[in-house]
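# What the coordinates show
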Amino acid sequence: MAKISEIEPIVLYEQEADARWASYSILVKVVTSDGRASYGEAVPTLRVLPVVSAVRQAAKAFVGRDPHEIYAGFYEWYRQDFFLSRSFESATALSAIDMALWDLKARELGAPLHELLGGAIRRRVPVYANGWYGGCRDAGCFAERAREVVGRGYTALKFDPFRDSFNSISPRRLKEAEEIVAAVREAVGEEVDVLIEHHGRFDANAAVEIAKRLEPYGPYFMEEPVHHEDLEAYRKYKAATGLRVAMGERLISVKEALQYLAEGLVDVIQPDACNIGGVTGSVKTATLAEAFSVEVSYHNAYGPVQFAVEVQLSAVTPTLYRLESFYDFWPRWKRDLIGDPFRVVDSSVEVPSRPGIGVDVDERVVERYRAEPREIQPTEEPVWVVRGTWG
């Protein structure tokens with residue numbers, strides 16, 4: 001019986017991208033004693049170095065285990081790491097390993113991942129565009145880019161119009177944000193979903209004020225309108241507005257997701273397979289969402305392995321809204337990493353039917369962009385925004 005023989009974190013880097021986090025990818029390669037290999041993906045952001053360290057530590061709980069026993073490995077790490085429920089680094093390490101093990105198992109069985117999860121509900125996954133507005137700070141730029149995105153076949157698009165606002169928002173910045181949203185709505189028409197990204201950076205008062213100004217433009221949802229951990233702010237926001245709330249990319253456990261679902265604080269939940277617990281945590285979170293009649297829209301920003309995994313997850317999710325997609329707006333090398341197999345047609349992508357997650361990682365691209373993990377220097381423009389939109 002084959003065992004897990006090696007788990008290796010691999011940092012990939014190329015400087016030019018529309019967001020600094022998009023310049024990095026952290027792949028996690030799982031190798032078995034009989035020579036098979038598969039990949040998961042972890043979250044980079046500002047924490048490349050500690051995430052790599054966390055993967056190496058978590059690997060020690062998996063090496064030597066049967067790769068088929070995915071749940072057993074998952075819960076062994078839960079048992080070992082006392083702070084898993086409070087550690088993003090530990091959660092993303094576990095998530096990446098979990099992804100790779102599911103891919104490995106599906107490949108061995110000769111089936112696409114969605115078949116192991118109950119079979120596809122849909123053969124094409126609807127997507128929305130993100131990452132398309134790099135360098136935009138005024139209404140004209142946003143409107144022009146939005147028209148281009150819709151011209152490429154997208155029927156939903158997300159963007160952050162708030163520039164350098166944090167916690168509060170000035171009258172000037174609020175007026176500018178309204179002008180941007182109004183211009184985008186006029187540019188794309190009423191049939192395209194407009195999704196407003198707040199990046200979880202406002203207090204409740206500012207978020208409510210924003211909601212009142214932007215509600216006339218019919219946003220489908222307001223994403224992370226307040227700080228992620230501020231449950232009281234979410235309660236105030238839901239009580240004061242009638243707009244749909246989307247959130248979830250910073251959730252690191254199913255139990256944390258339940259807190260927001262049980263209180264009715266979220267209308268569109270956005271679990272991220274790279275930190276909610278991989279395939280295992282994503283499926284459980286989607287099942288909870290279905291029980292609470294909440295739509296699911298997987299957060300999907302970091303890289304192509306994550307993208308492929310979440311296409312498979314979206315294929316089996318009953319309450320799916322749309323899958324987030326940076327795919328067409330990533331640096332080219334990220335698409336080349338998996339052979340660039342996805343094409344957006346009518347704002348959707350086809351679900352691959354090949355075994356595993358449906359794509360293969362190109363080892364030549366891995367070697368071309370392999371880099372040493374290092375600290376990232378903070379700048380005035382935070383790492384989490386689309387480049388050139390702050391200030």
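Below: a short report on this structure.

### Some remarks on the packing of helix α5 (residues 139–151) against helix α6 (residues 171–188)
Packing of α5 against α6 leaves a shortest axis separation of 8 Å and a crossing angle of 30°. With respect to α6, the axis of α5 lies roughly parallel. As for how α5 packs across α6, the hand of that crossing is right-handed. Where α5 approaches α6, its residues Ala139, Phe142, Ala143, Ala146, Arg147 and Val150 are matched on the opposing element by Glu179, Ile180, Ala183, Val184, Ala187 and Val188. Taken together, the residues of the contact of α5 with α6 break down into 10 nonpolar, no polar and 2 charged.

### A closer look at the sheet that holds strand β2 (residues 24–32)
Backbone hydrogen bonds hold the strands of a sheet together, and the pairing may be parallel or antiparallel. Sheet architecture is open: 4 strands sit in the order β3-β2-β1-β13, paired in antiparallel fashion. Both edges of this open sheet fall to β3 (37–42) and β13 (370–371), since each of them pairs with a single strand only. Of the strands in this sheet, β1 (4–13), β2 and β3 touch helix α1 (residues 48–62), which is tilted by about 170° from β1. The strands touched by helix α11 (residues 304–315) are β2 and β3; relative to β3, the strand with the most contacts, the crossing angle is about 100°.

### Description of the state of the cysteines
Evaluated as defined, the whole model comprises 1 disulfide. With a sulfur-sulfur separation of 2.1 Å, Cys136 is cross-linked through a disulfide to Cys141. Handedness here is read from the sign of the S-S torsion; for Cys136 and Cys141, about -60°, the answer is left-handed. When its relative accessible area of 1% is taken as the criterion, Cys136 is described as buried. For Cys141, a relative accessible area of 19% gives the class buried.

### Points about the environment of Gly64
When you line up the elements, Gly64 lands in the loop between α1 and α2 (70–80). Sequence separation of Gly64 and His228 is 164 residues, and the distance between their C-alpha atoms is 37 Å. Residue contacts for Gly64: discarding those within four places in its chain leaves Lys3 and Ile4.

### A look at the packing of aromatic side chains
Considering all chains together, one arrives at 23 aromatic pairs under this definition. When the ring of Tyr154 is compared with that of Phe329, the centres are 6.0 Å apart and the planes differ by 40°; the resulting orientation is tilted. Of this pair, Tyr154 sits in the loop between α5 and β5 (156–159) while Phe329 sits in the loop between β11 (323–325) and α12 (332–336), and the two are 175 residues apart along the sequence. Among the residues examined, Tyr154 registers a relative accessible area of 1% and is labelled buried.

### Describing a nonpolar patch on the surface
Together, Tyr71, Tyr75 and Tyr78 make up a nonpolar patch on the protein surface, roughly 320 Å² of accessible area in all. Looking at the secondary structure, you find Tyr78 in helix α2. A residue is classified by how much of its surface remains accessible, and Tyr78, at 39% relative accessible area, is partly exposed.

### Points about helix α8 (residues 231–240)
Taken as a whole, α8 has its buried residues at Leu231, Ala233, Tyr234 and Tyr237. Projected onto a plane normal to the axis of α8, the buried residues spread over an arc of 155° and lie on a single side. Packed against the buried residues of α8 are α7 (204–214), β7 (221–223), β8 (245–247) and α9 (254–262).

### With respect to the pairing of β1
Strand direction decides the pairing type here: β1 and β2, joined by 9 bridges, are antiparallel. In the sheet register, Leu12 faces β2, and the bridge partner there is Ser25.

Here is what the cut-offs are and how they apply
- Residues numbered from 1 in each chain as written.
- Predicted model: local features only at pLDDT ≥ 70, side-chain atom pairs only at ≥ 80, totals over all residues.
- Heavy atoms only, no water.
- Axes fitted to C-alpha atoms, helices over the stretch in contact; angles between N-to-C directions.
- Helix = DSSP H or I, 4+ residues; strand = E, 2+ residues; numbered from the N terminus.
- Parallel < 35°, antiparallel > 145°, perpendicular 65-115°, else oblique.
- Left-handed = near helix turned anticlockwise from the far one by under 90°.
- Contact = heavy atoms within 4.5 Å.
- Nonpolar A, V, L, I, M, F, W, Y, C, P; charged D, E, K, R; others polar.
- Pairing = 2+ DSSP bridges.
- Disulfide = S-S within 2.5 Å.
- Buried < 20%, exposed > 50% of the residue type's maximum accessible area, 1.4 Å probe, protein only.
- Phe/Tyr/Trp six-rings, centres within 6.5 Å; stacked < 30°, edge-to-face > 60°.
- Patch = residues over 30% accessible without salt bridge, like charges linked within 9 Å, V, L, I, M, F, W, Y side chains within 5 Å.
- Areas by Shrake-Rupley, 256 points an atom, 1.4 Å probe, with all protein chains shown as cover.
- Salt bridge = Lys/Arg side-chain N within 4 Å of Asp/Glu carboxyl O.
- Arc of directions from axis to C-beta.

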